[in-house]
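# Descriptive structure summary
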Amino acid sequence: LPTLIDNMIFANITVTNTGATFAGADVPQLYVIYPDAAQEPPMLLKNFAKTRVLEPKGDQVVVDLHLDLTELEIFDSIKSKWTFIHGDYQFYVGTSSREIRLNHTIFI
């Protein structure tokens, strides 16, 4: 699950090849949904990483996806500066925005 440590969001994801026949790689992706007050699009891709080729029948690798809180800032056109909106941030990890495998909400 994503966690907040020293102004960084960390998501350590274990990726497993569950197939019985073929080796293959995967690309876990980290998405965020901002608090309503931010008025941002519904789901934004913030980080991703490609795994090494995983052998069939259970080969695993841990992928580290991280995000600095400054990457969650939005531009405030009234104040003409980047600003951080406090609230509930929803983090999702999946192979695409339509295939989510993990989710977690963090109040920041």
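Criteria and cut-off values
Residues numbered from 1 in each chain as written. Predicted model: local features only at pLDDT ≥ 70, side-chain atom pairs only at ≥ 80, totals over all residues. Heavy atoms only, no water. Phe/Tyr/Trp six-rings, centres within 6.5 Å; stacked < 30°, edge-to-face > 60°. Buried < 20%, exposed > 50% of the residue type's maximum accessible area, 1.4 Å probe, protein only. Pairing = 2+ DSSP bridges. Helix = DSSP H or I, 4+ residues; strand = E, 2+ residues; numbered from the N terminus. Axes fitted to C-alpha atoms, helices over the stretch in contact; angles between N-to-C directions.

## Quick notes on the packing of aromatic side chains
Summed over the entire model, instances satisfying the criterion amount to three aromatic pairs. Measuring from ring centre to ring centre gives 5.5 Å for Phe 75 and Trp 82, while their planes differ by 70°; the resulting arrangement is edge-to-face. In this structure Phe 75 comes out as partly exposed when scored by relative accessible area, which is 46%. The exposure class of Trp 82 is exposed, given its relative accessible area of 54%. Between the aromatic rings of Phe 84 and Tyr 89, the centroid separation amounts to 5.5 Å while the plane-to-plane angle is 20°, which identifies the pairing as stacked. The exposure classification of Phe 84 matches that of Tyr 89, with both residues buried. Members of the aromatic cluster, each reached through a chain of ring pairs, are Tyr 34, Phe 84 and Tyr 89.

## Description of the sheet that holds strand 4 (residues 44-48)
By definition, the strands of a sheet pair up through backbone hydrogen bonds, in either a parallel or an antiparallel sense. Overall, antiparallel pairing links the four strands, which are arranged 4-3-8-9 in an open sheet. Across the chains shown, the open sheet's two edge strands, defined by having one partner strand only, are strand 4 and strand 9 (99-107). With direction set aside, neighbouring strand axes in the sheet form an average angle of 25°.

## Some remarks on the sheet that holds strand 5 (residues 60-68)
Strand order in this open sheet of three strands is 1-2-5, and the pairing throughout is antiparallel. Only two strands of the sheet have a single partner each, and these edge strands are strand 1 (3-5) and strand 5. This sheet shows a mean twist of 30° between the axes of neighbouring strands, independent of strand direction. In this structure, strand 1 lies alongside strand 2 (residues 8-16), joined through three bridges in antiparallel fashion. When the sheet's bridge partners are listed, Leu 4 is paired in strand 2 with Ile 9.

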